Amino acid sequence: MEPFAWMHELDHEQVVYCHNKELGLRAIIAIHDTTLGPGLGGCRFYDYVDESAALKDVLRLSRGMTYKAAVAGLDLGGGKAVIIGDPSLKTDAMMRAFGRHVESLGGRYITAEDMNTSEHDMNTVRQETEWVTGVSRYIGGSGDPGPSTAFGVFQGIRACLEVVFGSPDVAGRTVAIQGVGSVGYQLAKHLHDGGAKLIFSDINQGNIARALEDFGGEVVDGRVFWETPCDVLAPCAIGGVVHERNIAGIRAPIIAGSANNVLEDEDRDARLLAEKKITYAPDYVINAGGLIAVYAELKGWPHEKAMEDAARIFDTVKRVLNKASAEGLTSLAASNKLAEERIAQVAAVQRLRLP
Ligand code: NAD
């Protein structure tokens, strides 16, 4: 498909190509939908094979942000940026130049950290624009989003337990976590404190050792993770981990974790999971705690308010699962519909012309 055809198909408002030969900057900023508010989404620095691959990625990711913010109930739209190139060649000057491009959009796009960009980079971007989040705490930032994300995932797991077993209590439940890094470790802590039994899988032996030492539990080999008998499988590592080749072997009734793009093929795999009566908490719904924290940063709200809002992921996940069963949809289709309904309602309000 031609690049502009992708833009039409995914229904983007604006796509900006940013270039500076002298500094070696090549970036694309995609604004998907600003009905609910400015498009917010991270800036990814990645060595794409070509500009087409970068464009495809930024269009897909920015659209995802629209849905994520909409379902989380935030007054934010969807945006994302990619800087094309080898991240080891990243310079402060490049990040400042990127910041100028962000500034030129006058607040329609707000940037943040993403793959291969750091808090330091956001501080650098901040020198050129105020439309940036994830800056250091000493200049008003909200710091690492990992703990807020983990708290939201914990609430989402409780919601799934209530829908499946009639009680949100994690005590005595067994949760298998794939990836005990920033989010997985914090999630394990909440579950451990709540009395859950834990099973870990990670390719980093140091992270496994830390989790075992702090919370006890068992370890499972990554090759058989998806067949682990347990109440909840919590993918907190990488994407594309659930697919038609492993769904048949899944024995847990619930999949709920922080990883982005959990399903290899969204529609197909969501359907296969629903057919197998496995409750799936859509990734972008359950992992919105970090975005909620960044939104609080933008608003100047205290951290406690961000955590209160992240706790509402419990209600949001329940609403999505209940809508799915009431309307005979997959959970993913139900959350997409919730997002589209909220955007349509706000758009209708915006069309009101009253004296
Ligand atoms: P992280 O890098 O801190 O931790 C990832 C962990 O997964 C590491 O311990 C790593 O060794 C392990 N891992 C990597 N590949 C693995 C594999 N194949 N099998 C098992 N373990 C593997 O990352 P994070 O910040 O904790 O994020 C985890 C996931 O959650 C990612 O998919 C991320 O996109 C998503 N997410 C994170 C946040 C956040 O606030 N950090 C927000 C939303 C979504």
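Now for a description of the structure that goes with this document. Remember, predicted model here, so these are calculated numbers, not experimental data. (Residues numbered from 1 in each chain as written. Predicted model: local features only at pLDDT ≥ 70, side-chain atom pairs only at ≥ 80, totals over all residues. Heavy atoms only, no water.)

**Topic: the site of the ligand**
Next up, step 1: Inspection of the region around the ligand gives 20 residues, with Thr-149, Val-183, Asp-202, Asn-207 and Ser-258 positioned closest.
Next up, step 2: Ser-182 is positioned with one of its backbone polar atoms (N or O) 2.9 Å from an oxygen atom of the ligand.
Next up, step 3: Within the contact set of the ligand, an oxygen atom lies 3.0 Å away from a backbone nitrogen or oxygen of Ala-237.
Next up, step 4: In isolation the ligand exposes 840 Å². Once the protein is present, 71% of that is buried.
Next up, step 5: Secondary structure elements with two or more residues in the shell around the ligand: α5 (146-165) and α6 (182-193).
Next up, step 6: Among the residues forming the shell around the ligand, the class breakdown is eight nonpolar, 11 polar and one charged. (Near = heavy atom within 4 Å. Polar contact = N/O pair within 3.5 Å; in protein donor to acceptor, adjacent residues only side chain to side chain. Areas by Shrake-Rupley, 256 points an atom, 1.4 Å probe, with all protein chains shown as cover. Helix = DSSP H or I, 4+ residues; strand = E, 2+ residues; numbered from the N terminus. Nonpolar A, V, L, I, M, F, W, Y, C, P; charged D, E, K, R; others polar.)

**Observations regarding the environment of Leu-263**
Next up, step 1: Checked against the element boundaries, Leu-263 lands in the loop between β11 (254-255) and α8 (266-275).
Next up, step 2: With a relative accessible area of 6%, Leu-263 lands in the buried category.
Next up, step 3: Separated by 20 residues in the primary sequence, Leu-263 and Asp-283 have C-alpha atoms spaced 8.7 Å apart.
Next up, step 4: Contact partners of Leu-263, with chain neighbours within four places excluded, come to Gly-240, Val-242, Asp-269, Ala-270, Leu-273, Tyr-280 and Leu-332. (Buried < 20%, exposed > 50% of the residue type's maximum accessible area, 1.4 Å probe, protein only. Contact = heavy atoms within 4.5 Å.)

**Some thoughts on α6**
Next up, step 1: Over its 12 residues, α6 extends 17 Å from the first C-alpha to the last, a length consistent with the 16 Å expected when each residue adds 1.5 Å.
Next up, step 2: Turning to α6, its buried residues are Val-183, Gly-184, Tyr-185, Leu-187, Ala-188 and Leu-191.
Next up, step 3: Among the structural elements, α5, β7 (174-178), β8 (197-201), α7 (205-215) and β10 (232-235) are those in contact with the buried residues of α6.
Next up, step 4: A positive backbone phi angle near 90 degrees is found at Gly-195, which sits one or two residues after α6. (Expected span 1.5 Å × (residues − 1).)

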